[in-house]
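# Commentary on secondary and tertiary structure
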Amino acid sequence: MYRTERRQKYDTSGFSGQRCLLNSRVQRTQFLHMGRTAFGAHDAAFEAAKERLNTLKEEPDNNVKLQIYALFKQATKGPCNTPKPGAFDFVGRAKWQAWSGLGDISQDEAQKQYIDIINGLAGEESPAETEQAGEEASSYKEIKVTKENKVCSILLNRPAKKNAITWLMYNEIVQALDDASKDDSVTVAVITGAGDYYCSGNDLGNFMNIDPKDMPKMARDGKELLRRFVTAFIDFPKPLIGAVNGPAVGVSVTVLGLFDAVYATDKATFHTPFTELGQSAEGCSSYVFPKLMGNTKANEMLLFNKKLTAHEACERGLVTEVLPHDSFQKEVQTRVEYVAQLPPQSVREGKKLVRDQEREDLHKANEKECEVLEGRWLSEECVRAIMSFFTKKARL
Ligand SMILES: CCCCCCCCCCCCC/C=C/C(=O)SCCNC(=O)CCNC(=O)[C@H](O)C(C)(C)COP(=O)(O)OP(=O)(O)OC[C@H]1O[C@@H](n2cnc3c(N)ncnc32)[C@H](O)[C@@H]1OP(=O)(O)O
């Protein structure tokens, strides 16, 4: 009863809204049947994701539904091939815009993003399902950690919130890096994002619902959390690779300076809006970015909030290589697999030689940045900036 009723809420492409209902069981069965025959057996994961869509405990908000709808159409039909609906067909127009907004990403890529989002929304795969895929199930809530063929993949897994990093997620990432560093079966770690974003940085909800009298303590705790988080990146002893699959914001950008290689899709952007938020640099970026790109270019990002394209970030040395969005996953996989099979001890010794040159300076920069941020978080400027983010959201 519950499932049928839910199925009536939105069709398999996941979009709710009056004009989108498949309004009869026959149509729904036909649609599902068509869906099944449209894909070969090897699209089992896509099929499974479609099924899982109707078992979600929480209904996604419309933004996410539009994304799911658009990815479903792109995966099944390719680039948008229908005329733009009339001005008064609001739902049809929103759907059309979402689908046409995907441009010409391949059906393969669209399928992959569709699966990522649904699995992200559905939370952890059941251990049985993941075991079947030959991966090690993780016990994490907001990231997904899998280990396969010497590669530890860490997926930032809050696609509905653009993978914003909560207090819990900071701790889970620290835990996952620590675990990967100690696991002899792992020779390389990769971090990437679920859905269309790599990561939108610190979850601004971390600043909300704090009793004013607890602010100083929260700021102290936040400082310690950030210090541990960045330390985990400074001291990670194995090759750490970033696969920036979409826009990256804030702390997710600054710690990239501590990675050993960063591959970005040509749709990725890099934004560190610190002064707009009344905050300041972290992730050792106040030390690393001027070394990487020179003071003025570093200031453009850290002080003047300039958002970089992937190519600009590559020109400045923050990104190793920009790869076409369509073939991004495959291209990154090839590079990661090459690193994974290298003689691990030789790679670790080589990384240590490079990192030891500046390890002390990096820890000093991290301490200093966390100290300054502790003060920033308690400042009027920061409180005002965070409030305006949420009031703007509320107004929309
Ligand atoms: C008293 C002291 C307390 C201290 C506590 C500290 C704890 C943490 C310590 C460590 C701190 C380290 C320092 C880090 C600094 C940074 O990272 S600064 C950068 C922070 N990030 C941002 O400012 C980005 C904010 N988000 C946006 O600008 C936009 O969402 C976007 C990323 C540009 C995407 O826009 P759009 O495509 O329009 O999608 P949206 O509808 O906005 O987003 C979808 C939903 O996701 C939610 N969301 C997205 N990003 C965040 C985020 N960073 N924090 C919280 N929520 C986020 C967004 O609200 C939407 O949610 P719903 O409205 O519920 O759908």
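Residues numbered from 1 in each chain as written. Predicted model: local features only at pLDDT ≥ 70, side-chain atom pairs only at ≥ 80, totals over all residues. Heavy atoms only, no water.

## What about the overall build of the chain?
The helix and strand tally for the chain stands at 16 helices and 9 strands. Per-residue burial for the chain yields a buried fraction of 50% across its 396 residues. (Helix = DSSP H or I, 4+ residues; strand = E, 2+ residues; numbered from the N terminus. Buried < 20%, exposed > 50% of the residue type's maximum accessible area, 1.4 Å probe, protein only.)

## Looking at the pairing of strand β3 (residues 188–193)
Two faces make up the sheet, and in a regular strand the side chains alternate between them. Burial runs high along β3: 6 of the 6 residues are buried. The two faces of β3 match: Val 188, Val 190 and Thr 192 on one face and Ala 189, Ile 191 and Gly 193 on the other face are all buried. As paired strands, strand β2 (residues 151–156) and β3 are joined by 6 bridges and run parallel to one another. When the sheet's bridge partners are listed, Ile 154 is paired in β3 with Ile 191. A crossover links β2 with its parallel partner β3, the connecting element being helix α8 (residues 167–182), and its sense is right-handed. The pairing of β3 with strand β4 (residues 240–244) spans 4 bridges and is parallel. Bridge pairing in β4 links Ala 189 to Leu 240. (Pairing = 2+ DSSP bridges. Right-handed = clockwise from strand over helix to strand, strands pointing away.)

## Section: the packing of aromatic side chains
Under the defined criterion, the tally for this structure stands at 7 aromatic pairs. With centroids separated by 4.8 Å and ring planes inclined at 50 degrees, the aromatic side chains of Phe 46 and Tyr 114 adopt a geometry described as tilted. Here Tyr 114 lies in helix α6 (residues 107–122) and Phe 46 lies in helix α3 (residues 44–53), a separation of 68 residues in the sequence. Across the pair, exposure class does not vary: Phe 46 and Tyr 114 are buried alike. Put simply, the rings of Tyr 170, Phe 229, Phe 233 and Phe 259 pair up and form one aromatic cluster. (Phe/Tyr/Trp six-rings, centres within 6.5 Å; stacked < 30°, edge-to-face > 60°.)

## Looking at the domain arrangement of the chain
For interface size, the figure often reported is the accessible area lost on association. Per the domain assignment, the segments making up the chain are domain 1 (28–129) and domain 2 (138–387). Just the C-alpha atoms count here: the centres of domain 1 and domain 2 sit 29 Å apart. Taken together, the contacts link 16 residues of domain 1 with 17 residues of domain 2. Both sides of the domain 1 and domain 2 interface together cover about 1,300 Å² of buried area, and 43% of this is carbon and sulfur. Seen at the junction of domain 1 and domain 2, the total is 0 salt bridges. (Domains from an automatic or database assignment. Contact = heavy atoms within 4.5 Å. Buried area = accessible area lost by both parts, 1.4 Å probe. Salt bridge = Lys/Arg side-chain N within 4 Å of Asp/Glu carboxyl O.)

## Quick notes on the nonpolar core
Phe 229, Phe 233 and Phe 270 are the most contacted members of the largest nonpolar core, which totals 66 residues. Considering each element in turn, this core owes the most residues, 8 residues, to helix α9 (residues 215–234). Residues contacting Phe 229, with those up to four places away along its chain left out, are Ile 165, Tyr 170, Ile 173, Val 174, Val 251 and Val 255. Ile 68, Phe 72, Trp 99 and Tyr 114 belong to the second largest nonpolar core, which has 19 residues in total. (Core = buried A, V, L, I, M, F, W, Y, C linked by side-chain atoms within 4.5 Å.)

## With respect to the packing of α8 against α9
Two elements in contact, α8 and α9, have axes separated by 9 Å at closest approach and are oriented at 30 degrees. Our classification of the angle between α8 and α9 gives roughly parallel. The crossing of α8 and α9 is left-handed. Two secondary-structure elements touch here, α8 through Trp 167, Tyr 170, Asn 171, Ile 173, Val 174 and Leu 177 and α9 through Met 218, Asp 221, Gly 222, Leu 225, Arg 228, Phe 229, Ala 232 and Phe 233. Residue composition of the contact of α8 with α9, by class: 10 nonpolar, 2 polar and 2 charged. (Axes fitted to C-alpha atoms, helices over the stretch in contact; angles between N-to-C directions. Parallel < 35°, antiparallel > 145°, perpendicular 65-115°, else oblique. Left-handed = near helix turned anticlockwise from the far one by under 90°. Nonpolar A, V, L, I, M, F, W, Y, C, P; charged D, E, K, R; others polar.)

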